[in-house]
Amino acid sequence: MNRPGKCNGIRGNLKALMRFVIKSLKDQFDSLDKHTQWGIDFLERYAKFVKERIEIEQNYAKQLRNLVKKYCPKRSSKDEEPRFTSCIAFFNILNELNDYAGQREVVAEEMAHRVYGELMRYAHDLKTERKMHLQEGRKAQQYLDMCWKQMDNSKKKFERECREAEKAQQSYERLDNDTNATKADVEKAKQQLNLRTHMADENKNEYAAQLQNFNGEQHKHFYVVIPQIYKQLQEMDERRTIKLSECYRGFADSERKVIPIISKCLEGMILAAKSVDERRDSQMVVDSFKSGFEPPGDFPFEDYSQHIYRTISDGTISASKQESGKVDAKTTVGKAKGKLWLFGKKPKGPALEDFSHLPPEQRRKKLQQRIDELNRELQKESDQKEALNKMKDVYEKNPQMGDPGSLQPKLAETMNNIDRLRMEIHKNEAWLSEVEGKTGGRGDRRHSSDINHLVTQGRESPEGSYTDDANQEVRGPPQQHGHHSEFDDEFEDDDPLPAIGHCKAIYPFDGHNEGTLAMKEGEVLYIIEEDKGDGWTRARRQNGEEGYVPTSYIDVTLEKNSKGAVTYI
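Bear in mind that the values here come from a model prediction, so they are computed numbers and not experimental data.

Trainee: Hey, could you go over the overall build of the protein chain for me, with residue numbers and the actual values?
Mentor: The helix and strand inventory of the protein chain stands at ten helices and five strands. Counting only residues that meet the buried cut, the protein chain has 35% of its 569 residues in that class. Across the protein chain, every contact between residues at least 6 apart in sequence was considered, and the portion connecting residues at least 24 apart equals 73%. With an accessible surface of roughly 35,500 Å², the protein chain has 53% of that area assigned to carbon and sulfur atoms.

Trainee: An account of the UniProt feature "coiled-coil region" (unreviewed entry) in the protein chain is requested, with residue identities and associated values reported.
Mentor: According to UniProt, the feature "coiled-coil region" (unreviewed entry) maps to residues 148-192 and 364-398 in the numbering used here. What you have in residues 364-398 is 97% helix and 0% strand, and the ends, taken at the C-alpha atoms, are 51 Å apart.

Trainee: Requested: an account of the pattern of salt bridges, with residues and values cited.
Mentor: In this structure the tally under the stated criterion is 28 salt bridges. In this structure, E44 and K127 form a salt bridge, with 2.5 Å as the shortest nitrogen-oxygen distance. Of the two residues, E44 sits in helix α1 (residues 3-71) while K127 sits in helix α2 (residues 85-177), which places them 83 residues apart along the sequence. Residue classification places E44 among the partly exposed positions, given a relative accessible area of 29%. Two residues, D237 and R240, come together in a salt bridge whose shortest N-O distance is 3.0 Å. With D237 and R240 both in helix α3 (residues 183-257) and three residues apart, this pair spans about one turn of that helix. You'll find D237 and R240 in the same group, each marked buried. A cluster of three or more residues bridged by salt bridges with shared partners is formed by E118, R121, D125, K243 and E246.

Trainee: Explain the packing of aromatic side chains to me, and be specific about the residues and the numbers.
Mentor: Applying the stated rule across the entire model yields eleven aromatic pairs. Ring centres of Y46 and Y248 lie 4.8 Å apart, and the angle between their planes is 85 degrees; on these two criteria the pair is classed as edge-to-face. Linking Y46 in helix α1 with Y248 in helix α3, this pair joins segments that are 202 residues apart in sequence. Taking the relative accessible area as the measure of exposure, Y248 reaches 38% and is therefore partly exposed. Ring plane angle 50 degrees and centroid distance 5.8 Å describe the contact between F90 and F91, whose orientation is recorded as tilted. Note on F90: relative accessible area 36%, which makes it partly exposed. Cluster of aromatic residues (ring-pair linked, three or more members): Y46, F49, Y248 and F251. Over the ring of Y122 we find K243; its NZ or CZ atom is 5.4 Å from the centre of that ring.

Trainee: I'd like a description of the sheet that holds strand β3 (residues 536-540), backed by residues and values.
Mentor: Pairing within the open sheet is antiparallel, and its five strands lie in the order β4-β3-β2-β1-β5. Two strands lie at the open edges of the sheet, namely β4 (546-550) and β5 (554-558), each paired on one side alone. Averaged over all adjacent pairs, the angle separating strand axes in this sheet is 40 degrees, with direction ignored.

Trainee: Describe the pairing of strand β1 (residues 501-505), and please don't skip the residues or the numbers.
Mentor: Along β1, the buried face is formed by G501, C503 and A505; none of H502 and K504, which line the opposite face, is buried. Here four bridges tie β1 to strand β2 (residues 524-529), and the two strands are oriented antiparallel to one another. Across the sheet, C503 pairs through a bridge with L525, a residue of β2. For β1 and β5, the ladder comprises five bridges, and the chain directions are antiparallel. If you follow A505 over to β5, its bridge partner there is I554.

Trainee: Kindly report on the confidence of the model for the protein chain, identifying the contributing residues and their values.
Mentor: When pLDDT is averaged along the protein chain, the result is 77; 73% of the residues meet or exceed 70. For the protein chain, the element scoring lowest by mean pLDDT is helix α9 (residues 449-452), at 36; helix α4 (residues 259-274) scores highest, at 95. Low pLDDT, under 50, characterises residues 441-494; the predicted model gives this stretch 162 contacts beyond four residues in sequence or across chains. Low pLDDT, under 50, characterises residues 562-569; the predicted model gives this stretch 16 contacts beyond four residues in sequence or across chains.

Trainee: If you had to explain the nonpolar core to someone new, which residues and values would you point to?
Mentor: Side chains of a nonpolar character, in soluble globular proteins, are inclined to be buried together. Ranked by internal contacts, the top residues of the largest apolar core, which has 33 residues, are L43, Y46, V50, L97, V115, L119 and L126. If you list the elements that add at least two residues to this core, you get α1, α2, α3 and α4. Excluding residues within four positions of it along the chain, V115 makes contact with Y46, V50, E110, C247, G250 and F251. Residues M519, V549, I554 and L558 belong to the second largest nonpolar core, which totals 16 residues.

Trainee: Explain the environment of M199 to me, and be specific about the residues and the numbers.
Mentor: Considering the arrangement of structural elements, one finds M199 in helix α3. Judged by relative accessible area, M199 falls into the partly exposed class, the value being 28%. When the C-alpha atoms of M199 and E161 are compared, they prove to be 6.6 Å apart, with 38 residues separating the residues in sequence.

Trainee: Which residues make up a nonpolar patch on the surface, and what values do they have?
Mentor: Taken together, the side chains of W38, F42 and Y248 define a hydrophobic patch exposed on the protein surface, amounting to about 310 Å² of accessible area. Mapped onto the elements, W38 comes out in helix α1. Residue classification places W38 among the partly exposed positions, given a relative accessible area of 47%.

Trainee: Explain the pairing of β2 residue by residue, including any values.
Mentor: A regular strand places its side chains so that they alternate between the two faces of the sheet. The pairing of β2 with β3 spans three bridges and is classified as antiparallel. Along β3, the bridge assignment pairs I527 with A539. Counting the residues that bridge the hairpin from β2 to β3 gives six residues, and of these G533 lies at a positive phi of roughly 100 degrees.

Trainee: Any chance you could break down the packing of α2 against α4 for me, citing the residues and the numbers?
Mentor: One way to put it is that α2 packs onto α4 with a least axis distance of 9 Å and a crossing angle of 170 degrees. One way to sum up the angle between α2 and α4 is to call them roughly antiparallel. Residues A89, N92, I93, E96, L97, D99, Y100, Q103 and R104 of α2 form the contact with α4, whose participating residues are I261, I262, K264, C265, G268, M269 and A272. Tallied by class, the residues present in the contact of α2 with α4 amount to nine nonpolar, three polar and four charged.

The rules behind the values
Residues numbered from 1 in each chain as written. Predicted model: local features only at pLDDT ≥ 70, side-chain atom pairs only at ≥ 80, totals over all residues. Heavy atoms only, no water. Helix = DSSP H or I, 4+ residues; strand = E, 2+ residues; numbered from the N terminus. Buried < 20%, exposed > 50% of the residue type's maximum accessible area, 1.4 Å probe, protein only. Contact = heavy atoms within 4.5 Å. Areas by Shrake-Rupley, 256 points an atom, 1.4 Å probe, with all protein chains shown as cover. UniProt positions renumbered as here; feature names shortened; annotations may be inferred. Salt bridge = Lys/Arg side-chain N within 4 Å of Asp/Glu carboxyl O. Phe/Tyr/Trp six-rings, centres within 6.5 Å; stacked < 30°, edge-to-face > 60°. Lys NZ or Arg CZ within 6 Å of the ring centre and 35° of its normal. Pairing = 2+ DSSP bridges. Axes fitted to C-alpha atoms, helices over the stretch in contact; angles between N-to-C directions. pLDDT = per-residue confidence, 0-100. Core = buried A, V, L, I, M, F, W, Y, C linked by side-chain atoms within 4.5 Å. Patch = residues over 30% accessible without salt bridge, like charges linked within 9 Å, V, L, I, M, F, W, Y side chains within 5 Å. Parallel < 35°, antiparallel > 145°, perpendicular 65-115°, else oblique. Nonpolar A, V, L, I, M, F, W, Y, C, P; charged D, E, K, R; others polar.

This is the structure:
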């Protein structure tokens, strides 16, 4: 009677052990699930790191380019081009820095293509592969669980039928030993025993078949299916590790590839620093601000005590000597004061076409530079004219190629440009000859009234605000400025020019610039020098104050007996 209970205990222990093994294996499968998910998360985290590094490189390159753009000169004209070696070196450094920024962009592009893009693609493939392997593992586990349930159900059914057969046997034996039982009851119990025994045998066979099938599937599950899935997960994880290693290497290679070019950029910066020449820069400063003027002369001694001891007899002679002395002193002092502005405060005013607002040496350089530029433009126009003439000859010989008349407007325009350039060159050469003549003969000043009244052609109109030019040595400012220039001084050596006519101011003129004369509307002035074609007329007030006024601002009437008398309105 104790054997069935003992068997039930053994079966219970086996069942518990089986459940423990299956649970343990399932827990290990879940652990691999978590590990592979962690590997993918780590891969994506590294991809995010690379992405942020790419953004840093891109922002760094962008900021470097903005910095270079901010400090690069905006060369709107040739005069603003850097000339000093220190400036040229700095601009070369900016160019090298711009190239360096380009290499940072190359690093960002290489990382984005070789590392970040590859990581994102591989992470997507890795997720798909992991999902497939985990689904296969879960399906295998579900199939094994189903086989286990079928086997367990058949076993339970077999166990139940065995107990029913055992009860039927006990009932039959009890009735068979009972003398009071009828034969029909015994026969019925016997039939029930045979039925239960037959059903138990069928369930036994079913249980045996299910058990054999489960054992086969379990062996296949634990020795074939699960090891294969685990191996595939292991290979997947190893490939993930290898991919990370390759990306680490590619991350470093992206930086290492640009190191030679970056080194060249740094070497270029060092060469730019070595190219700085302090003596050359200082010589440029000297050449740029060299005026060509002579230093001011000595101030004479003015003897105010002569009239104290003079006698009546020599009063006339002393007075004449004193007057002559005063004139000389005034002339000399005036000349000295006229030069002092060159070394102190420069006159203000807009730049003139003939660069007369500059000192002689600087004016000569500017004029020579302009003449060279005009000659280059003239050469271009001449080459264009020659090409158009050749094309015209071709069209005349071969009318099917084009109409020769269609080139006539372009030829006329080119000829006009050539004439204009030649006139400009001639005008600038005249200015250059003028300034070179004055610079060469500065030691021996000429007091001729023709030279003193020389007016530069091509001066701007009154609306352009006349300003002092290279003739400031011979054309001084108005008396109200409180100091004299060489123009006033040299005219003080001779008698004042005679009036050749008179004029009436049509419009008021401020006369703020050097050498001009302010006037009010309706004011009458004497004309002492005609307009030389530059738009300016020299006039004098009744108090002796002289200067230039715009011809278009006055109504001029010249004396009929004056040379070349013309009335300007």
